[in-house]
Amino acid sequence: MEERKVRVAITHGDTNGTGYELIFKTFAEPTMLELCTPIVYGSPKVAIYHRNALGLQANFTVIGKAEDAQDGKINMIAAYDEETKVELGTPTADSAVAAFKALKRAADDASAHLVDALVALPVRKGVQVNGQPFEGQLSYLEKRTESTGKAFNMLLNEQLRLALATSDIPLKDIIQYITPEQLRQRIATLHGLLKRDFRLSTPRIAVLALNPKGENGAWGNEEETIIKPVIKALEGAGIQAFGPYAADEFFANRSFEFYDAVLAMYSDQGTVPFMTLDQGEGYGFLAGLPVVCTMPIYGTATEIGGKGLADECSFRHAVFAAIDMSRNRINYDEPLKNPLPKLYHEKRDESEKVRFAIPKKHDAGDKDDKKGKARKSEEETAE
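To keep things clear, this report deals only with the structure shown in the data block. (Residues numbered from 1 in each chain as written. Predicted model: local features only at pLDDT ≥ 70, side-chain atom pairs only at ≥ 80, totals over all residues. Heavy atoms only, no water.)

A closer look at the pattern of salt bridges
Heads up, the condition is: Definition used for salt bridges: Asp or Glu carboxyl oxygen within 4 Å of a side-chain nitrogen of Lys or Arg. For helices the rule is a DSSP run of H or I covering at least 4 residues; for strands it is a run of E covering at least 2, with both sets numbered from the N terminus onward. Only protein chains enter the accessibility calculation, which uses a 1.4 Å probe; a residue is then buried when its area is under 20% of its type maximum, exposed when over 50%, and partly exposed in between.
Summed over the entire model, instances satisfying the criterion amount to 17 salt bridges. A salt bridge links arginine 124 to aspartate 14, with the nearest nitrogen and oxygen atoms 2.6 Å apart. Here the residue arginine 124 occupies a position in the loop between strand E5 (117–119) and strand E6 (128–129), and aspartate 14 occupies one in the loop between strand E1 (6–11) and helix H1 (19–26), the gap between them amounting to 110 residues. By relative accessible area, aspartate 14 is classed as buried at 3%. A salt bridge links aspartate 108 to lysine 104; the shortest N-O distance between them is 3.7 Å. You can see aspartate 108 and its partner lysine 104 sitting in helix H4 (residues 93–111), four residues apart, about one turn around the helix. Among the ionic contacts, a cluster of salt bridges with common partners joins Lys104, Asp108 and Arg144.

As structure tokens, this is what we get:
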């Protein structure tokens, strides 16, 4: 990592949206190219179309593979060969498929360790890919990296790290997904990544309640039957989890400021207060994947495609986070690759009886006798 800059793979997202606008605006700042080497997975022709439509002064270098990436430049890989018709501001099936193909190529290179991190611009859900509806980037990357069930969504900004216990599930079905095993795994995974990706030695996790606050469990008792027992069990494993806390009071009192991360039970419970608190610097993180993957928190924004109105702040923070987390993982993992070898010593009786035993007199006498003989031999030699 010291020999080269962090290589960040960036997918171009929906080709009728704001992806290229975000990329060109962000890397127009020279210091960005000092921090990392961007590799854009997309279409050079579509990139030129966007650049001309927006009137941006943006240059990039076309490369054939990630290994050819050059520092100090925006590198671009043609993720597919087909022509893509650009209709700025209008979401189409072709523009969504083009976004998926870029994600697929970038995911393959990330799995092959040809890039250090991935920043994924949005792909519309539901688009038909090989006859199947696209379920979203989290589901796709989970399957692609064989980490199904372990990955989850997070939202982050300067004030808050918010994780979701469930996502993309109808509200009426949430309860059946909140099981002791699922919740235990989610908190343990969150604890591990806070140490590895964010380098927090003793992270503190706040767990939100599932039900509104009520008397004697009138509105549900999952807090008593599931959440509290899981928190108690994790305490024995050295994981500092606290709660469950009623979401309204927790955010109203800004209690999140006392914790390193917050686990919400379902999407709206966490995303609504997060978006209310966010000042534009927030970004998304697909946690629990083998590759670091961040993204801006808004959608494809095709309605403003080509208008020059996109705010690149969230995307820029997603790039910053991808750089930091990829370095943190390397620094965290490096000492574990070559642990100190086990030191073997002479086997001896370590029992309490031996440790506290009084030395035998003849042992001491033997030592004195040997010392005496040595002195006598030295005197005879001197004579």
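Details of the sheet that holds strand E12 (residues 261–264)
Working definition: the strands of a sheet are paired by backbone hydrogen bonds and lie parallel or antiparallel to each other. Worth spelling out the cut-off: A pair of strands is considered paired only if DSSP assigns at least 2 bridges between the two. What counts as an axis is a line fitted to C-alpha atoms, over the stretch in contact for a helix, and the angles between N-to-C directions run from 0 to 180 degrees. Here a residue-residue contact requires only that any non-hydrogen atoms of the pair lie within 4.5 Å.
In spatial order, the strands read E3-E4-E2-E1-E5-E14-E13-E8-E9-E12-E10-E11; together these 12 strands make up an open sheet with mixed pairing. The open sheet has two free edges, formed respectively by strand E3 (61–63) and strand E11 (240–245), since each of these has just one partner strand. Adjacent strand axes in the sheet meet at a mean angle of 25 degrees when their direction is disregarded. Direction of pairing for strand E9 (residues 161–164) relative to E12: parallel, over a ladder of three bridges. Residue pairing for E12: leucine 164 is matched across the bridge by alanine 264. Each of E5, strand E8 (152–156), strand E13 (283–287) and strand E14 (292–296) is contacted by helix H5 (residues 137–144), which is oriented at about 30 degrees to E13, the strand it contacts most. Each of E1, strand E2 (36–42), E5, E13 and E14 is contacted by helix H11 (residues 313–337), which is oriented at about 170 degrees to E14, the strand it contacts most.

Notes on the environment of lysine 104
Of the residues examined, lysine 104 reaches a relative accessible area of 34% and is grouped as partly exposed. Taking the C-alpha atoms as reference points, lysine 104 and tyrosine 80, separated by 24 residues in sequence, lie 10.0 Å from one another. Excluding its chain neighbours within four sequence positions, the residues that come into contact with lysine 104 are Tyr140 and Arg144.

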